[in-house]
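Working through the structure, step by step
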Amino acid sequence: MSKSGAMDLASGLGGKINKGEVKSAVDEYEKYHGYYGGKEEARKSNYTDMVNKYYDLATSFYEYGWGESFHFAHRWNGESLRESIKRHEHFLALQLGLKPGMKVLDVGCGIGGPLREIARFSSTSVTGLNNNEYQITRGKELNRLAGVSGTCDFVKADFMKMPFDDNTFDAVYAIEATCHAPDPVGCYKEIYRVLKPGQCFAVYEWCITDHYDPNNATHKRIKDEIELGNGLPDIRSTRQCLQAVKDAGFEVVWDKDLAEDSPLAWYLPLDPSRFSLSSFRLTSVGRMITRTMVKALEYVGLAPQGSERVSNFLEKAAEGLVEGGKKEIFTPMYFFLVRKPLSE
């Protein structure tokens, strides 16, 4: 069960970072990003530190707002956000052709919401790869509570250097996670290496679209806001991601930006012009209440110093995501299904 109360949020703030060091961690994290004058080269060369700091600082907020699955989804009219998130995960399982007994890898698994759902939906065994200790600790507890510890597990490791033998997995997927990689080709090559020949990799990537203009100051600001609020070294284009997976050796089965034909916009839960009781904490009103609550908790000492600043840069990210979605310069669901050839 996801953490749902104010005290649960407060207790998780900072993750594995010593509570007295959260403020300095926020200082260091913010300095990486273009929004505060940071450089892309520094983010890429220090991606492990940057991404770990981000998830230590942000995971408690994510779980409080989103639940156990930290991702967006293609959404039908009349479908709740929670229903769309589950369907988005089931879609991956169906595209991969998962069958009972298969051994599956979730690359960048968060606290394991998708892997638990996919394991139950497909009767497979799913290993979650994650380099953040706090998220793995939380994920193992959620596995225990869900009764899936026998089929779902976690491995702490960098997805640029996976600790698995060649040709280990029957299928691999990633949900809005490999966008954290400093080098997409290197990341996809590692996935290629651990996947069995003839088997498939499916992914939802965060990308800028063909509508993005690097010379447009507004577009650049939106990109900086998304990178700051989501722990990203850079946001690659859909074309760059597709070429990178080809360069890694994969054969492309099909690809599509699933945001293009979603009946309900993917950014709707964050849009300040919309209101929803079912996903109230994600609405602009819900987020304002959360920020006020975090400020109060920090003031009385129940949340560590720096917590309000984390809430603020996550809010900045929400603003950037909504604006990027409305301008169609950003998508969180560029999907592709690719296959490792039977013979190399």
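In case you missed it, the structure is sitting above this.
All of the points below concern the structure found in this document. (Residues numbered from 1 in each chain as written. Predicted model: local features only at pLDDT ≥ 70, side-chain atom pairs only at ≥ 80, totals over all residues. Heavy atoms only, no water.)

**Concerning the overall build of the protein**
- A count of helices and strands for the protein gives 12 helices and seven strands.
- For 344 residues, the compact-globule formula gives about 20 Å, and the C-alpha radius of gyration of the protein, at 19 Å, lands near that figure.
- Taken along its principal axes, the extent of the C-alpha atoms in the protein is 60 × 50 × 45 Å.
- Here the protein holds 344 residues, and the buried ones make up 59% of them.
- Across the protein, the fraction of contacts at a sequence separation of at least 24, relative to all contacts at a separation of at least 6, is 78%. (Helix = DSSP H or I, 4+ residues; strand = E, 2+ residues; numbered from the N terminus. Rg over C-alpha atoms; globule rule 2.2 N^0.38 Å. Buried < 20%, exposed > 50% of the residue type's maximum accessible area, 1.4 Å probe, protein only. Contact = heavy atoms within 4.5 Å.)

**Some words on the side chain of threonine 331**
- Along the polypeptide, threonine 331 turns up in strand S7 (residues 330-339).
- Of note is the side chain of threonine 331, whose polar atom sits 2.7 Å from the side chain of aspartate 257.
- Polar side-chain contacts of threonine 331 include one of 3.1 Å to the backbone nitrogen of methionine 333. (Polar contact = N/O pair within 3.5 Å; in protein donor to acceptor, adjacent residues only side chain to side chain.)

**Examining the packing of aromatic side chains**
- Inspection of the entire model under this criterion finds 23 aromatic pairs.
- Taken together, a centroid distance of 6.2 Å and an interplanar angle of 70° make the contact between tyrosine 54 and tyrosine 62 edge-to-face. For the pair shown, tyrosine 54 and tyrosine 62 are each scored as buried.
- When the centroid spacing of 6.1 Å and the interplanar angle of 55° are considered together, the rings of tyrosine 188 and phenylalanine 201 count as tilted. Remark: phenylalanine 201 occurs in strand S5 (residues 195-208) and tyrosine 188 occurs in helix H8 (residues 184-194); sequence separation between them is 13 residues.
- A residue is classified by how much of its surface remains accessible, and tyrosine 188, at 1% relative accessible area, is buried.
- Overall, phenylalanine 201 belongs to the buried group, its relative accessible area being 0%. (Phe/Tyr/Trp six-rings, centres within 6.5 Å; stacked < 30°, edge-to-face > 60°.)

**Points about the sheet that holds strand S4 (residues 169-175)**
- Ordered by their spatial adjacency, seven strands build an open sheet running S3-S2-S1-S4-S5-S7-S6, and the pairing between neighbours is mixed. Because the sheet does not close on itself, it has two edges, and the strands there are strand S3 (152-156) and strand S6 (251-257). Strand-to-strand, the axes of this sheet are offset by a mean angle of 20°, without reference to chain direction.
- In this structure, S6 lies alongside S7, joined through six bridges in antiparallel fashion. Across the sheet, aspartate 257 pairs through a bridge with tyrosine 334, a residue of S7. (Pairing = 2+ DSSP bridges. Axes fitted to C-alpha atoms, helices over the stretch in contact; angles between N-to-C directions.)

**Brief notes about H8**
- In terms of residue burial, H8 counts as a mostly covered element, since eight of its 11 residues are buried.
- Three or more residues of H8 are buried, namely Pro184, Gly186, Cys187, Tyr188, Glu190, Ile191, Tyr192 and Val194.
- Where the residues of H8 are buried, they touch strand S1 (103-107), S4, S5, helix H10 (238-247) and S7.
- A side-chain oxygen of the first residue of H8 lies 3.3 Å from the backbone nitrogen of valine 185; this N-cap is aspartate 183.

**Looking at a nonpolar patch on the surface**
- A contiguous nonpolar patch, built from Val285, Met288 and Ile289 and spanning about 240 Å² of accessible area, is present on the exposed surface.
- For valine 285, the location among the structural elements is in helix H11 (residues 284-299). (Patch = residues over 30% accessible without salt bridge, like charges linked within 9 Å, V, L, I, M, F, W, Y side chains within 5 Å. Areas by Shrake-Rupley, 256 points an atom, 1.4 Å probe, with all protein chains shown as cover. Salt bridge = Lys/Arg side-chain N within 4 Å of Asp/Glu carboxyl O.)

**Looking at the packing of helix H6 (residues 113-122) against helix H7 (residues 133-146)**
- The N-to-C vectors of H6 and H7 enclose an angle of 35°; their axes lie 10 Å apart at closest approach. Considering the relative orientation of H6 and H7, their crossing is right-handed. Residues Leu115, Arg116 and Arg120 of H6 pack against Gly139, Leu142, Asn143 and Ala146 of H7.
- Split into classes, the residues belonging to the contact of H6 with H7 amount to three nonpolar, two polar and two charged. (Left-handed = near helix turned anticlockwise from the far one by under 90°. Nonpolar A, V, L, I, M, F, W, Y, C, P; charged D, E, K, R; others polar.)

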